[in-house]
Amino acid sequence: MGIFYDEKNRIFKLDTPHTSYLMGVEDDFGYLLHYYYGPRLHGTDVSYLARTGEPPYTPDRNGRDKLSFLDSAPFEYPTGGVGDFRTHCLEVCTAAGHNAVEAGYRRHSIRKGKKSLPGLPATFGGEEDCTALTVTLADDVLGLEIDLEYTVFEDLDAITRSVCVRNTGAKEPVVYLTKVLSACLDMDDRDFELLTLHGSWARERIIQRLPLGKGRQGVFSERGETSHQAQPFLALLSPDATQTGGEVYAMHLVWSGNFEAQAEVDQFDQVRAVMGVGPYHFRWKLAAGESFQAPEVVMVYSRQGLGAMTRTFHDLYRNHLIRGQWKDKRRPVLLNSWEGAYFDFDTEKLLAMARAGAELGMEMLVMDDGWFGDRRDDNRALGDWFVNEKKLPGGLKRLADELNAMGMKFGIWMEPEMVSPDSDLYRAHPDWAIQVPGRRAGLCRNQYVLDLTRREVLEYVWGRIEAILTSANIEYVKWDMNRQLSDMGSFALDSDRQGELYHRYVLAVYELQERLCQRFPHVLLENCSGGGARYDPGMLYYSPQIWCSDDTDAIERLAIQEGTALVYPLGTMGAHVSACPNHTVGRTTPFETRGHVALAGTFGYELDSTRLTEEERAQIPGQIALYHRFNDLVRAGDYYRLASFRENHAFDCWQVTSKDRSAALVTYVQVLAGANRHSRRICLQGLDGSARYRLEGTDRVFGGDTLMYGGLPVEPMAGDHRSKLMILIIEK
Ligand code: GLA
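1. Description of the pattern of salt bridges
Phase 1 of the analysis: A full pass over the atoms with the stated rule returns 63 salt bridges.
Phase 2 of the analysis: In this structure, E475 and K409 form a salt bridge, with 3.4 Å as the shortest nitrogen-oxygen distance. You can see E475 sitting in the loop between α7 (455-471) and β25 (476-479) and its partner K409 sitting in strand β22 (residues 409-414), a full 66 residues away along the chain.
Phase 3 of the analysis: You can call K409 partly exposed: its relative accessible area is 29%.
Phase 4 of the analysis: Connected through salt bridges with shared partners, the residues D84, R86, D186, D266 and R272 form a single ionic network.

2. Concerning the packing of aromatic side chains
Phase 1 of the analysis: The full count for this structure, using the stated rule, is 37 aromatic pairs.
Phase 2 of the analysis: Between F233 and F313, the aromatic rings sit 6.1 Å apart at their centres with planes inclined by 65°, giving edge-to-face as the arrangement. With F233 in strand β14 (residues 233-237) and F313 in helix α2 (residues 305-320), the pair connects residues that are 80 residues apart, well separated along the chain.
Phase 3 of the analysis: Given a relative accessible area of 0%, F233 falls into the buried group.
Phase 4 of the analysis: A relative accessible area of 0% means that F313 is categorised as buried.
Phase 5 of the analysis: Arranged with centres 5.3 Å apart and planes meeting at 80°, the rings of W371 and F372 form a pair that is edge-to-face.
Phase 6 of the analysis: On the accessibility criterion, W371 (0% relative accessible area) is buried.

3. Observations regarding the packing of helix α11 (residues 591-598) against helix α12 (residues 614-636)
Phase 1 of the analysis: At their nearest, the axes of α11 and α12 sit 10 Å apart, and the two run at 25° to each other. Relative to α12, α11 is oriented roughly parallel. Considering only the axes of α11 and α12, their crossing is right-handed. Residues F591, E592, R594 and G595 of α11 lie in contact with α12, whose contacting residues are E616, Q619, I620 and Q623.
Phase 2 of the analysis: Each residue belonging to the contact of α11 with α12 can be placed in one class, and the counts come to two nonpolar, three polar and three charged.

4. Comments concerning the site of the ligand
Phase 1 of the analysis: Residues in close proximity to the ligand total 13 residues, the closest being D368, D369, K478, G531 and D550.
Phase 2 of the analysis: Between D368 and the ligand, the recorded distance is 2.6 Å, taken from a side-chain N or O atom to an oxygen atom.
Phase 3 of the analysis: Here an oxygen atom of the ligand sits 2.9 Å away from a polar atom, N or O, in the side chain of D480.
Phase 4 of the analysis: When the free accessible area of the ligand is taken as 310 Å², the share hidden by the protein chains comes to 96%.
Phase 5 of the analysis: Residues that form the shell around the ligand fall into these classes: four nonpolar, three polar and six charged.

Parameters at a glance
- Positions within a chain are numbered from 1, following the residues in the order the chain's sequence is written.
- For this predicted model, a pLDDT threshold of at least 70 governs which residues receive local features, and a threshold of 80 or more governs which side-chain atom pairs are given and counted, while totals over whole chains, interfaces and linings are taken from all residues.
- Side-chain metrics rest on all non-hydrogen atoms present in the structure, leaving aside hydrogens and water.
- One side-chain nitrogen of Lys or Arg within 4 Å of one carboxyl oxygen of Asp or Glu is enough to make a salt bridge.
- Only DSSP runs of H or I covering at least 4 residues are called helices, and only runs of E covering at least 2 are called strands; the numbering of each starts at the N terminus.
- Any residue under 20% of the maximum accessible area for its type is buried, any over 50% is exposed, and the rest in between are partly exposed; the area is computed with a 1.4 Å probe on protein chains only.
- Only Phe, Tyr and Trp rings are paired, with Trp represented by its six-membered ring, and only when their centres lie within 6.5 Å; those with planes under 30 degrees apart are stacked, over 60 edge-to-face, the remainder tilted.
- Angular values range over 0 to 180 degrees, each being the angle between N-to-C directions of two axes fitted as lines to C-alpha atoms, with helices fitted over their stretch in contact.
- Every angle not falling under 35 degrees, over 145, or within 65 to 115 is termed oblique; those three ranges are roughly parallel, roughly antiparallel and roughly perpendicular.
- Crossing handedness is read from the near helix: turned anticlockwise from the far helix by less than a right angle, it gives a left-handed crossing, and turned clockwise, a right-handed one.
- We call two residues in contact whenever any of their non-hydrogen atoms come within 4.5 Å of each other.
- Only Asp, Glu, Lys and Arg are considered charged, only Ala, Val, Leu, Ile, Met, Phe, Trp, Tyr, Cys and Pro nonpolar, and every remaining residue, Gly among them, polar.
- The criterion for a residue being near a molecule or strand is simple. One of its heavy atoms has to lie within 4 Å of it.
- For this analysis, a polar contact is any N or O atom pair within 3.5 Å, provided that within protein one partner can donate a hydrogen and the other can accept it, and provided that sequence-adjacent residues contribute only side-chain to side-chain pairs.
- Computed by Shrake-Rupley with a 1.4 Å probe, the accessible areas treat only the displayed protein chains as cover when residues are assessed.

And the structure:
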C-alpha cells in the first residue's frame, strides 16, 4: 500500500491492497496522462498504454497535430478550450473573455496522513492509515495552479481525489471558473455497462443498469441539492459483472449540491468518466491569491463484482467519513410523530404516544413538524422557530422533562433553511429569501429558501437553532430540507458573483451543520430532505444517519433500500415501521414484515402508538429485542445482496455477516406467493467455508461451504408480503 514516484520515467503509482492506479508526465508538453487503473501491478512500466506514439497522433512528437493528440490522449485532468473535444474537467473565462486553459506538470509531494478540505466534508485518515499525493499542474499563461490531491488507505481498495485551483496572480487579476470537476478516469471502453441511481420523491435511488453507448451519458442535478432524482454516483461494469464477480469502476461525490457525473465513449472507443460540482449556473470569481476547493470523489475498483465494491464503500464511510459520538453506537429506538399525528398534536397527545411507546420498549420521542409558530399545516410559519405555547404549554422544556421522567429521550424536527411567505420572519425580511428581483419566485411546498450566503441570515438561523437546542434536553435533531432551489438570486452578491450562489449555499449549510456538530456533540443528527433528496456522502459527514425516503411501505422500501445500500452502510439508512394501509401507497403488509425491513436500517416507529392493535402491541417488544440483538451486527457487519425483488419480481434477500464470520443474519421477503412451489435455495456469501453454522431455532447444522455453494433452503410461506429472518451462528 502506498504511493510511489518512479523518477526516471516520471510515473506515479498509487497502490491499495488489490488495485494500482498509475499516471505519469508525458515528455513533449509535460501533460499528466492517465495510464492504468485496475488489479494491482508490480511494476510501473505502463506508459505505453497511453499510446502517445501511435496514430492518430503524429509520431514526430505530436506538435504538428496537437489537436488530435489532445482529443485522444488519456488525461488525468483534462482542460477546456485548447483541443480536447471530449467532456473535460476545467473551464474558465478570463476578464478578456477567453476560455483556453492548458495545464502541465510542475511539482508534487507525497506524505503520510490526509489533509481536510477547508469548508467541505471529506473522508479523513491519519498518518497510520493513509498516504496522500499532491500533483501540481500549472497554466503559465493564466497564472493558474491546479493541485490534484489523491489519498490511498492502508486496508481499503478506495482512492479519493479532490482538486484545488489557485490564481497565483502572476498573470490575471481575476479568472472566472465556469467548471471545476473533481475527477476524470480515461480508459479503453470494454463494452462497459453504466450503473446509476435514479428516482423521485418517495422512490429514491432505484438502480438502473444500461449498456454504455457512444456519446455522453450520465446523471446530474441542477436542483441545488443532490436530489431525489439522481445520486452523485456512477459505476462502469463489465457486462458479466454480478454481485460476486466481474469488474466495477465506481465513483461517488462527497457533495450535497448540483453535480455532474458523466461517462463518454469517444470516436476511438475510449471511455472518459468525469465527476464533480455541476457546471449549471456556476461561475466562480477567482481573484489573484485566491483558491477554489472542489469536493472529493471516492473511486473504488473491484474485480469481485458489485458486492465487493459495496463493502469497500461501507467500510470507507463507516471508518473514514462518519464522525461524532453516535458513529459506532446503537441508536435509541425512536417513535416519530409524523405519520402518527402529522400537525395535529399537543403536549398531552405527545406524552400519551410516548407513554404507550415506552411501555413497549421505545426509547425516544421525536416531535416532527408542527411545533413552532403558527405551523398548523405546511402552508406557513417556516422560519418562526419559537415554540407554539398553545400546543405545547410550558414549551419544549416541560415536554422534555416529562419525557425524561418516563425514561424517554426527546428529539425534534427542524427545517432551518426555509421560510414560508406566511411567517413573521418573511414579513420582517422579505429580502432574506433567494429570489430574482422583479420576478415572483416559484414556491415549492409553499415555501422559499433562505439566502444563507448572507452572514446576517446564517447568524440568525444559527441563533435560533442554538436557542432551541439549549432550551431543553434535546438529544436528537431531524434536519429537513423540503424544496429544491430555483430563481437563483442573492441581494448580497455582486452581479459577477451571482454564479456562486448555488455553491455558496451548500457551503453555508455545511457551516451550519458543522457548528451544530461542534456545539452539540451529544445530539444525534439525522438529515432529511423530503425523504431522501439529500442522501449523499456530504451530509453523512455531519449526520450518521439520513432519512431514506418518505415512502415507509415495506415492499416499496425493498428497492429503495437496495439502491441505497449499494453504496451506503445499512446503519445510515433511516427506516421506520409505520401504520397500514401505508400512507403513501395504500398497501397493507404484515406488521412483522415491516419490522424485518426496518431492521435493515436505523429502526424505529412512525405511527400513533396509542392506536395500535393488540396484535401489534404484542409484536413490538419482540421487534425491539431483535433490534437490540442485531443492530451492532447490522451497523458494523459485511452486507451481501443475495437476491433482488426489483430483478426477479418475486422475492428479496440480503445477508449481514459479522466481521469475524461467526454470525450471519439473513432477511428474506417473499413479496409474491407462488402456487405449488418447493423451497428456494439461497446461496449465502462471506461465511467461513470450513466452519459449521447452526440455523437458530432448529437443530439443523450446515457447513459454511454448503451454505455458500449448495444454499440454504427457504420454505414458501402462505400469502404475499411475508418475511422471515434466518440467523446462523457458528458452532464452536
Ligand atoms: C418531509 C419529511 C417527513 C416529514 C415532513 C414534515 O417530508 O421527509 O419525514 O418530516 O417533511 O413536514
